[in-house]
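Observations on chain architecture
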Protein chains: 2
Amino acid sequence: MYKAKIHVTLRKSILDPKGKATHQALQNLGLNQINNVRIGKLIELDIHADSEDNARELAETACNQLLANEVMEDYQIEISDNSS
Amino acid sequence: MYKAKIHVTLRKSILDPKGKATHQALQNLGLNQINNVRIGKLIELDIHADSEDNARELAETACNQLLANEVMEDYQIEISDNSS
């Protein structure tokens, strides 16, 4: 069994209204040293596969078909072995 | 300048309806090898601080005051130096 961590982030060129609102709220709290807030998704999955490559392929299929919107988002997949 | 990546995840004991819906949708797509889907947030920030420790402290303050709901969520902070 493999664990996948998938980071889905908005592309740099796309405006991130949630991030902007969060940045404003942090400023209101006096945390002026913080800038450039972007908010993405972190998706954790368990994958039953017989190799790490197969697990990665399945995670990529899931991203392409459902988890990420490729027009606006980038994704990054980390696979770790959890067989123990 | 430091970059912080903050992973905010629902505690294991808390039901994750978004994750459940995503899991169901993946099953409907025929991706039956995927289980245990949990969806969290990935927050990326730039922090102006004079040391990594200060940057981490600021990120923790931001998490405690705004970014994470400590009753239901856990967070994990990764700081990287981006001065170059």
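The coordinates are above.
Below you will find a few notes about this structure.

Here the focus is unusual backbone geometry. We note that Asn36(A) has phi near 55°; this positive angle belongs to a residue other than glycine. If you trace the backbone, Asn36(A) turns up in strand E2 (residues 34–47).

Now for the interface of chain B and chain A. In this complex, chain B contributes 31 residues to the contact, which on the side of chain A involves 31 residues. Area buried by chain B at its contact with chain A is led by Gln33(B), Leu42(B) and Glu44(B), which between them contribute 19% of it. Between chain B and chain A we count zero salt bridges in total. Looking at the side of chain B that touches chain A, the elements that each hand over two or more residues are strand E1 (2–10), helix H1 (17–28), strand E2 (34–47) and helix H2 (52–67) of chain B. Grouping the amino acids of the side of chain B that touches chain A by side-chain chemistry returns 15 nonpolar, eleven polar and five charged. As paired elements, E2(A) and E2(B) share eleven bridges and run antiparallel to each other. By the bridge assignment for E2(B), Ile39(A) is matched with Ile43(B).

Reading the values: rules and limits
Residues numbered from 1 in each chain as written. Chains lettered and ligands numbered in written order. Predicted model: local features only at pLDDT ≥ 70, side-chain atom pairs only at ≥ 80, totals over all residues. Heavy atoms only, no water. Helix = DSSP H or I, 4+ residues; strand = E, 2+ residues; numbered from the N terminus. Contact = heavy atoms within 4.5 Å. Buried area = accessible area lost by both parts, 1.4 Å probe. Salt bridge = Lys/Arg side-chain N within 4 Å of Asp/Glu carboxyl O. Nonpolar A, V, L, I, M, F, W, Y, C, P; charged D, E, K, R; others polar. Pairing = 2+ DSSP bridges.

So, to be careful, I would describe these as geometric facts and stop short of saying anything about function.
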